[in-house]
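Structural description and commentary
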Amino acid sequence: MFDYNTTRPSLLYSEYGRNIQNMVKYIKTLESKEERNKHAQAVIDLMGFLNPHLRDVADFKHKLWDHLFIIADFDLDVDSPYPIPSKESLDTKPQRVPYPSNKIRYKHYGKTVELMIERAKEITEEPERKSSMVASIANFMKMSYVTWNKDSVSDESIINDLKTLSKGELTLDENVNLNKVEVRSTNNKTRQNNNFKQRNNNNNNNRNNNNKNNNRNNGKSRY
């Protein structure tokens with residue numbers, strides 16, 4: 001009678017193959033715990049050899065031992081250097097990450113700016129630290145604006161947006177000037193690429209014309 005994969009037990013980890021699964025099944029039949037430990041360690045080494053990319057994963061040995069017990073259906077009496085996992089821990093679902101429901105006033109500044117403004121508003125006893133933080137926030141807002149809109153922006157616009165977001169509680173000192181932020185345009189790169197393509201086309205055309213002239217001259221010389 002033929003032994004087809006459809007009649008065999010399903011593979012729990014296809015990356016290890018059926019032989020590993022059969023080895024684990026054999027280990028469970030050994031009566032001596034010393035023999036089970038010896039064979040289990042050999043299987044762990046073989047699992048690591050079959051999947052060398054796991055060596056780049058943190059605690060990859062721990063991962064291999066967990067896989068060993070899962071393949072054994074958590075019914076393997078061996079000495080493990082790590083805590084033995086349970087079926088319950090395998091079925092535990094991760095906690096749901098709440099999706100932020102509050103709206104962002106200016107999307108080009110993002111939620112981080114709003115959080116930094118709220119943190120700056122809480123500073124009441126250190127005026128110098130607060131002024132320095134407000135200036136840093138304003139400079140970050142200017143950089144975010146230019147990055148998002150690909151256009152220059154006046155310092156007055158940034159200061160007004162800062163007042164709006166902080167509900168008038170944060171203002172820049174009069175002697176503070178915001179950093180310059182250069183607008184990187186893609187037109188120069190596009191122009192350079194077009195010029196490069198044009199030069200290549202001209203060179204190809206000249207090469208083709210030279211070849212035609214040479215062929216024509218060679219044809220005349222035959223006669």
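This is a predicted model, so every value here is computed, not measured.

1. Quick look at the environment of Ile20
Considering the arrangement of structural elements, one finds Ile20 in helix 1 (residues 17–27). Since its relative accessible area comes to 1%, Ile20 is described here as buried. Sequence separation between Ile20 and Leu46 is 26 residues; the distance between their C-alpha atoms is 8.3 Å. Setting aside chain neighbours within four positions, we find Ile20 in contact with Val43, Leu46, Met47, Leu50 and Ile71.

2. Some points on helix 1
Among the residues of helix 1, Arg18, Ile20, Gln21, Val24 and Ile27 are the ones counted as buried. Those residues of helix 1 that are buried lie in contact with helix 2 (33–50) and helix 3 (60–71).

3. Concerning the packing of aromatic side chains
For the coordinates displayed, the defined rule picks out three aromatic pairs. Judged by centre distance (5.7 Å) and plane angle (80 degrees), the rings of Tyr106 and Tyr109 are edge-to-face.

4. What to know about the packing of helix 6 (residues 127–149) against helix 7 (residues 155–165)
Where helix 6 contacts helix 7, the two axes come as close as 10 Å, and the packing angle between them is 115 degrees. Along this stretch, helix 6 crosses helix 7, giving a crossing that reads as right-handed. Along the contact surface, helix 6 presents Val134, Ile137, Ala138, Met141, Lys142 and Tyr145, while helix 7 presents Asp155, Ile158, Asp161, Leu162 and Leu165. Looking at side-chain class alone, the contact of helix 6 with helix 7 contains eight nonpolar, no polar and three charged residues.

5. As for the packing of helix 2 against helix 3
Interhelical geometry of helix 2 versus helix 3 gives an angle of 115 degrees and a closest axis separation of 10 Å. The hand of the helix 2/helix 3 crossing is right-handed. Two secondary-structure elements touch here, helix 2 through Ala40, Gln41, Val43, Ile44, Asp45, Met47 and Gly48 and helix 3 through Lys61, Leu64, Trp65, His67 and Leu68.

6. Side note on the side chain of Gln21
Examined against the element boundaries, Gln21 turns out to sit in helix 1. For Gln21, a relative accessible area of 15% puts it in the buried group. Sequence-distant contacts of Gln21, that is, excluding residues within four places in its chain, are made with Pro9, Ser10, Leu11, Leu12 and Ile71.

7. Concerning the nonpolar core
A general trend in soluble globular proteins is that nonpolar side chains are found buried together. Within the largest apolar cluster, 19 residues are counted, with the highest numbers of intra-cluster contacts made by Tyr16 and Leu68. It is helix 3 that provides the largest number of residues to this core, a total of six residues. The contacts of Tyr16, once residues within four sequence positions are left out, are Met47, Leu50, Asn51, Leu54, Leu64, His67 and Ile71. Membership of the second largest hydrophobic core comes to 17 residues, among which are Ile137, Met141, Val146 and Leu170.

8. A few points about the confidence of the model for the chain
Mean pLDDT for the chain: 81, with 80% of residues reaching 70 or above. Confidence, expressed as mean pLDDT per element, reaches its minimum in the chain at helix 8 (residues 187–222) with 57 and its maximum at helix 2 with 92.

9. Section: the environment of Thr164
With respect to the secondary-structure elements, Thr164 resides in helix 7. Not counting the four nearest positions on each side in its chain, Thr164 is found in contact with Arg105 and Tyr106.

10. Description of the pattern of salt bridges
Enumeration according to the criterion identifies eleven salt bridges in this entry. Its salt-bridge partner being Asp79, residue Lys33 comes within 3.0 Å of it at the nearest N-O pair. With Lys33 in helix 2 and Asp79 in the loop between helix 3 and helix 4 (87–91), this pair connects stretches of sequence that are 46 residues apart. Judged by relative accessible area, which is 48%, Asp79 ranks as partly exposed. In this structure, Glu169 and Lys121 form a salt bridge, with 3.7 Å as the shortest nitrogen-oxygen distance. Residue Glu169 is found in the loop between helix 7 and helix 8, and its partner Lys121 is found in helix 5 (residues 110–121); the two are separated by 48 residues along the sequence. On the basis of relative accessibility, which here comes to 17%, the residue Lys121 falls in the buried class. Members of the salt-bridge network, linked through shared partners, are Lys33, Arg36, Asp77 and Asp79.

Calculation notes
Residues numbered from 1 in each chain as written. Predicted model: local features only at pLDDT ≥ 70, side-chain atom pairs only at ≥ 80, totals over all residues. Heavy atoms only, no water. Helix = DSSP H or I, 4+ residues; strand = E, 2+ residues; numbered from the N terminus. Buried < 20%, exposed > 50% of the residue type's maximum accessible area, 1.4 Å probe, protein only. Contact = heavy atoms within 4.5 Å. Phe/Tyr/Trp six-rings, centres within 6.5 Å; stacked < 30°, edge-to-face > 60°. Axes fitted to C-alpha atoms, helices over the stretch in contact; angles between N-to-C directions. Left-handed = near helix turned anticlockwise from the far one by under 90°. Nonpolar A, V, L, I, M, F, W, Y, C, P; charged D, E, K, R; others polar. Core = buried A, V, L, I, M, F, W, Y, C linked by side-chain atoms within 4.5 Å. pLDDT = per-residue confidence, 0-100. Salt bridge = Lys/Arg side-chain N within 4 Å of Asp/Glu carboxyl O.

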